[in-house]
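So you can see what is in the structure, the chains are spelled out below.
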Amino acid sequence: MLVSAEQRIEQVADGIHYKGYLKIKERTFEYDFKLTIPIPELGNQPLSTTRDEVNKQIRSTFQLCLKKDGSELELTDEEYAFFFMVLLNSAVDLYYNPQTRAKNLGLKLCGAGLLALRGAATTIGITRRGKLEFASELCKMLNAPKFDCALTA
């Protein structure tokens, strides 16, 4: 099923902390996404061997707080996996975007505090809108009262 979606991701700390929202159809979820390992170092980490260990490793490395209508949602491993993949892909895209790298270099060279004193904005982010293809199992999960996305065929 094709579903309209919109996502805003903003850098809080380069490579390790992001926030924003994910809108699926008419339902908006706010998120705070923290990584304990900086994005450029993610490929250097050994993976656990069992499914339970992998889930624990993912949750400890990629700390996700997802809110609907201001209330934090407790996510199952399957739910967490969906939101984690969407947010990780967006965070990696933002991190490696040439404009992001140039802005971060400028912030390091000039100092964010000095730029703020001069009235310059230091927010780095991207908003994307489009349609996503969701499998029927994912639509069923997102239609549950917890998410209440009201996806119809």
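These numbers were taken from a predicted model, which means no experiment stands behind them. (Residues numbered from 1 in each chain as written. Predicted model: local features only at pLDDT ≥ 70, side-chain atom pairs only at ≥ 80, totals over all residues. Heavy atoms only, no water.)

1. A word on the side chain of Glu-79
And then number 1: Tracing the backbone through its elements, the reader meets Glu-79 in helix α2 (residues 77-96).
And then number 2: One polar contact links Glu-79 to Lys-146, side chain to side chain, over a distance of 2.6 Å.
And then number 3: Setting aside anything within four residues of it in sequence, one finds Glu-79 in contact with Glu-74, Met-141, Lys-146 and Phe-147. (Helix = DSSP H or I, 4+ residues; strand = E, 2+ residues; numbered from the N terminus. Polar contact = N/O pair within 3.5 Å; in protein donor to acceptor, adjacent residues only side chain to side chain. Contact = heavy atoms within 4.5 Å.)

2. As for the environment of Gln-7
And then number 1: Structurally, Gln-7 can be placed in strand β1 (residues 2-13).
And then number 2: The spatial distance from the C-alpha of Gln-7 to the C-alpha of Leu-22 is 4.4 Å, given a sequence separation of 15 residues.
And then number 3: Those residues in contact with Gln-7 that sit more than four places away from it in its chain are Tyr-21, Leu-22, Tyr-31, Val-86, Leu-87, Ser-90, Ile-126, Thr-127 and Arg-128.
And then number 4: Within the structure, Gln-7 has its side chain in polar contact with the side chain of Tyr-31 (distance 3.3 Å).

3. Focus: the pattern of salt bridges
And then number 1: Scanning the entire structure with this criterion turns up 8 salt bridges.
And then number 2: For Asp-69, the salt bridge is made with Arg-27, and the minimal N-O distance between the two is 3.3 Å. Of this pair, Asp-69 sits in the loop between β4 (62-68) and β5 (71-72) while Arg-27 sits in strand β3 (residues 27-35), and the two are 42 residues apart along the sequence.
And then number 3: With relative accessibility at 60%, the residue Asp-69 sits in the exposed group.
And then number 4: Arg-27 sits in the buried class, given a relative accessible area of 16%.
And then number 5: For Arg-59, the salt bridge identified is with Asp-77, shortest N-O distance 3.2 Å. You can see Arg-59 sitting in helix α1 (residues 51-61) and its partner Asp-77 sitting in helix α2, a full 18 residues away along the chain.
And then number 6: Overall, the relative accessible area of 30% leaves Arg-59 in the partly exposed class.
And then number 7: Salt bridges sharing partners connect three or more residues here, namely Arg-27, Asp-69 and Asp-148. (Salt bridge = Lys/Arg side-chain N within 4 Å of Asp/Glu carboxyl O. Buried < 20%, exposed > 50% of the residue type's maximum accessible area, 1.4 Å probe, protein only.)

4. Digging into the nonpolar core
And then number 1: Counting residues in each nonpolar core, the largest one holds 34 residues, and the members touching the most others are Ile-24, Phe-33, Phe-83, Phe-134, Leu-142 and Phe-147.
And then number 2: Contributing elements (two or more residues each) for this core: β1, β2 (17-24), β3, β4, α2, β6 (124-133) and α5 (136-143).
And then number 3: Ignoring anything within four residues of it in the chain, the contact list for Phe-83 reads Leu-22, Leu-64, Leu-66, Leu-75, Leu-142 and Phe-147. (Core = buried A, V, L, I, M, F, W, Y, C linked by side-chain atoms within 4.5 Å.)

5. Digging into the pairing of β4
And then number 1: Burial of the side chains of β4 is restricted to one face: Phe-62, Leu-64, Leu-66 and Lys-68 are buried, whereas none of Gln-63, Cys-65 and Lys-67 on the reverse face is.
And then number 2: Here β3 runs beside β4; their pairing, made up of 7 bridges, is antiparallel. By the bridge assignment, Leu-35 is partnered in β4 with Phe-62.
And then number 3: The pairing of β4 with β5 spans 2 bridges and is classified as antiparallel. Each residue of the ladder has a partner; that of Lys-68, found in β5, is Ser-71.
And then number 4: Counting the residues in the hairpin turn of β4 and β5 gives 2 residues, including Asp-69, whose phi is positive at 55°. (Pairing = 2+ DSSP bridges.)

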